[in-house]
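# Structural description and commentary
What follows is each chain in one-letter form.
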Amino acid sequence: AQKITQTQPGMFVQEKEAVTLDCTYDTSDPSYGLFWYKQPSSGEMIFLIYQGSYDQQNATEGRYSLNFQKARKSANLVISASQLGDSAMYFCAMREDSNYQLIWGAGTKLIIKP
Amino acid sequence: ETGVTQTPRHLVMGMTNKKSLKCEQHLGHNAMYWYKQSAKKPLELMFVYNFKEQTENNSVPSRFSPECPNSSHLFLHLHTLQPEDSALYLCASSQDHTGGEKLFFGSGTQLSVL
C-alpha cells in the first residue's frame, strides 16, 4: 500500500491565485515528519517546508504553508499568491522515526498560467 | 557555487559501457545519498553513506556500485546497465543520517542506456 499519496498528477492555476496541493499519508508510527520539495525543470529538488507530527501549529515558510490535519492524515501544501516561477513538480515525503528513510509521493506537476 | 554538484548532467551509454557519476557537496555534511527518479514514479533511495560508511543499500543490483572516499564526495559506478536503468540519478546530502534534517540535492544526471 502506498504510504504517500498525491492524487493530483497535474494542476493549472492562474498567476496570483492561491493553490493547494494534496498529500495524504499512511503510518502507524506516532512520531513522524512530513516534507514538501519542489523540483523545477532544472532537476534539483528544493526543500520547501517541514511539519513534525507533534507540532501544534501548521508550518509556514514565506508564501508556503502546510495544512496539517493529523486525524485525516493529510499534509496539504498551500502556496499563496502564485508566481510563474512556481511552475514545477512538487513532492510530498514522510519520514517515520522508526525508519530514517524518506518515503516519497509520485508528485504533482503545477503549471502557473500568466 | 551550488551546495551539491553533480557531473555529468547528461550521459548516454551502451549496455556494455562502464561509466561513473560524480557528486560533490560543499556544505560540510556527513551523510550523502543516491536516489533514482524514473518518470511518474516516486523517488527510490539507492544508497546512503553516513560518515563515509554505507548504511543503506536498498536491494540495488550489483551493476550499480557506490563509492564514498570522503564525506564530500560520492560516486556511482555503472557497468553493464539495462535500458530500464535509464532515469534521473540524484545525489543529496544532509548533516547526518538521523532523518531529522532536510536533504540538499544536486541537479541530477540524466542517464540514457541504449
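The rules behind each value
- Residues numbered from 1 in each chain as written.
- Chains lettered and ligands numbered in written order.
- Predicted model: local features only at pLDDT ≥ 70, side-chain atom pairs only at ≥ 80, totals over all residues.
- Heavy atoms only, no water.
- Helix = DSSP H or I, 4+ residues; strand = E, 2+ residues; numbered from the N terminus.
- Rg over C-alpha atoms; globule rule 2.2 N^0.38 Å.
- Buried < 20%, exposed > 50% of the residue type's maximum accessible area, 1.4 Å probe, protein only.
- Areas by Shrake-Rupley, 256 points an atom, 1.4 Å probe, with all protein chains shown as cover.
- Disulfide = S-S within 2.5 Å.
- Salt bridge = Lys/Arg side-chain N within 4 Å of Asp/Glu carboxyl O.
- Core = buried A, V, L, I, M, F, W, Y, C linked by side-chain atoms within 4.5 Å.
- Pairing = 2+ DSSP bridges.
- Phe/Tyr/Trp six-rings, centres within 6.5 Å; stacked < 30°, edge-to-face > 60°.
- Axes fitted to C-alpha atoms, helices over the stretch in contact; angles between N-to-C directions.

In this section: the overall build of chain B. Scanning chain B for helices and strands turns up zero helices and eleven strands. Secondary structure elements of chain B occur, N-terminal to C-terminal, as β-β-β-β-β-β-β-β-β-β-β. For 114 residues, the compact-globule estimate of 2.2 N^0.38 gives 13 Å, and chain B sits close to it at 13 Å. Along the first, second and third principal axes, the C-alpha set of chain B runs to 35 × 30 × 30 Å. Going through the 114 residues of chain B one by one, you find that 46% of them count as buried. Accessible surface, chain B: about 5300 Å² in total, of which carbon and sulfur atoms supply 49%.

Now for the state of the cysteines. Summed over all chains, the structure comprises two disulfides over all chains. Each sulfur in the disulfide pair A:Cys23 and A:Cys92 lies 2.0 Å from the other. Note on the A:Cys23 and A:Cys92 pair: the S-S dihedral is about -65°, so by sign convention the disulfide is left-handed. Placement of A:Cys23 in the loop between strand E3 (19-21) and strand E4 (24-25) and of A:Cys92 in strand E10 (residues 88-96) is noted, with a sequence separation of 69 residues between them. For A:Cys92, a relative accessible area of 0% corresponds to the buried category. The residue that forms a disulfide with B:Cys23 is B:Cys91, at a sulfur-sulfur distance of 1.9 Å. Given an S-S torsion of about -75°, the disulfide between B:Cys23 and B:Cys91 has left-handed geometry. Of the two residues, B:Cys23 sits in strand E3 (residues 18-25) while B:Cys91 sits in strand E9 (residues 87-94), which places them 68 residues apart along the sequence. Across this residue pair, the class does not change: B:Cys23 and B:Cys91 are buried.

Attention now moves to the pattern of salt bridges. Residue and element names in this part refer to chain A. Enumeration over the complete set of coordinates arrives at six salt bridges over all chains. Lys-3 is the salt-bridge partner of Glu-96, the closest N and O atoms lying 3.0 Å from each other. Of this pair, Glu-96 sits in strand E10 while Lys-3 sits in the segment before strand E1 (4-5); the two residues are 93 residues apart in sequence, bridging distant segments of the chain. In this structure, the salt-bridge partner of Asp-86 is Arg-63, at a minimum N-O distance of 2.8 Å. Of this pair, Asp-86 sits in the loop between strand E9 (74-79) and E10 while Arg-63 is found in the loop between strand E7 (60-61) and strand E8 (64-69), placing the two residues 23 residues apart along the sequence. Given the relative accessible area of 2%, Asp-86 is considered buried. Arg-63 sits in the partly exposed class, given a relative accessible area of 23%.

Further remarks concern the nonpolar core. Soluble globular proteins tend to bury their nonpolar side chains together. Counting 25 residues, the largest nonpolar core has A:Tyr25, A:Trp36, A:Ile49, A:Leu77, A:Tyr90 and A:Leu110 as its most contacted members. Only strand E2 (10-14), E3, strand E5 (32-39), strand E6 (46-52), E8, E9, E10 and strand E12 (108-113) of chain A provide two or more residues apiece to this core. Listed in part, the 22 residues of the second largest apolar core include B:Leu21, B:Leu74, B:Tyr89 and B:Leu111.

Within a regular strand, side chains alternate between the sheet's two faces. Residue and element names in this part refer to chain B. When strand E1 (residues 4-7) meets E3, the two strands line up antiparallel, connected through four bridges. Within E3, the residue paired with Val-4 across the bridge is Gln-25. Where E3 meets strand E8 (residues 73-79), seven bridges bridge the pair, whose relative direction is antiparallel. When the sheet's bridge partners are listed, Glu-24 is paired in E8 with His-73.

Right, let's talk about the packing of aromatic side chains for a bit. Residues and elements named next belong to chain A. Under the counting rule described, the total for this entry stands at 13 aromatic pairs over all chains. Taking 4.8 Å as the distance between ring centres and 55° as the angle between the ring planes, the aromatic pair formed by Phe-35 and Tyr-50 counts as tilted. Here Phe-35, found in strand E5, pairs with Tyr-50, found in strand E6; they are 15 residues apart in sequence, far enough to count as distant. Taking relative accessible area as the criterion, Phe-35 reaches 1% and is therefore assigned buried. The class of Tyr-50 is partly exposed, set by a relative accessible area of 30%.

What follows concerns the sheet that holds strand E7 (residues 64-70) of chain B. Residues and elements named next belong to chain B. Strand order in the open sheet formed by four strands is E1-E3-E8-E7, with antiparallel pairing between adjacent strands. Edge positions in the open sheet fall to E1 and E7, since each of these has one partner strand only. Averaged over all pairs of adjacent strands, the angle between their axes in this sheet comes to 15°, without regard to strand direction. Of the strand pairs in this sheet, E7 and E8 are connected by five bridges, and their pairing is antiparallel. Bridge pairing links Asn-70 to His-73 in E8.

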